[in-house]
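# Breakdown of the fold
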Amino acid sequence: MKLSQLKIERQLCGAFIFYLKNNGYVCLPSKNKQQPYIIYHTETPDMTHIIELDQFGHWKIPELLRNVAMEFSTASTPYTPIKKCTKCSHEFNVVTHNFYCPECNEIYVPF
Ligand SMILES: [Zn+2]
């Protein structure tokens, strides 16, 4: 079974690199703009993982980094920009929805 492509949002990539480093991974920047990082675990340096970008600059996560990426996304949930709409109390990701509530179109003002 082919699993669907897991992606890390561009704005979370810095936090993901930090998370990888804390978990024994090495992240080497590469010169290739479409494949900006090569990642491997210090215990398995022969097994490298290449990060590719999609058209929006989000990271496509290789199959073998899927588990650590899932752990990261669970661990980073408190930091994702989920806010409650002041008008209808709907919770939404302000970044993906461009600061507008998808339910009632009320703008979220971050100040
Ligand atoms: Zn709303």
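Turning next to the domain arrangement of the protein. Domain annotation of the protein identifies domain 1 (6–79) and domain 2 (81–111). Distance from the C-alpha centre of domain 1 to the C-alpha centre of domain 2: 28 Å.

For the coordinates displayed, the defined rule picks out two salt bridges. In this structure, Lys 7 engages Asp 54 in a salt bridge whose closest nitrogen and oxygen atoms are separated by 3.1 Å. Linking Lys 7 in strand β1 (residues 6–8) with Asp 54 in the loop between β4 (44–53) and β5 (59–61), this pair joins segments that are 47 residues apart in sequence. By relative accessible area, which is 39% here, Lys 7 ends up partly exposed.

Okay, the environment of Thr 86 next. Summarising the element assignment, Thr 86 is placed in the loop between β6 (82–84) and β7 (91–93). Overall, the relative accessible area of 69% leaves Thr 86 in the exposed class. Residues Thr 86 and Gln 35 lie 51 residues apart in sequence; the distance between their C-alpha atoms is 40 Å.

Time to look at unusual backbone geometry. With the exception of glycine, the majority of residues adopt a negative phi angle, and the majority of peptide bonds are in the trans configuration. Phi is positive for Ser 89, which is not a glycine, with a value near 65°. Locating Ser 89 in the fold gives a position in the loop between β6 and β7. The exposure class of Ser 89 is partly exposed, given its relative accessible area of 44%.

Reading the values: the criteria
Counting of residues starts from 1 at the beginning of each chain's written sequence and follows it residue by residue. Totals for whole chains, interfaces and linings use every residue, but because this is a predicted model, local features are given only for residues with pLDDT of at least 70 and side-chain atom pairs only at 80 or more, for both listing and counting. Side-chain measures were taken over the full set of non-hydrogen atoms in the model, leaving aside hydrogen atoms and water. Those domain boundaries reflect an automatic or database domain assignment. The term salt bridge refers to a pairing of a side-chain nitrogen on Lys or Arg with a carboxyl oxygen on Asp or Glu at a separation within 4 Å. Helix and strand assignments come from DSSP, with helices taken as H or I runs of at least 4 residues and strands as E runs of at least 2, each series counted from the N terminus. Burial here depends on accessible area, computed with a 1.4 Å probe over protein chains only, as a share of the maximum for the residue type. Under 20% is buried, over 50% is exposed, and the range in between is partly exposed.

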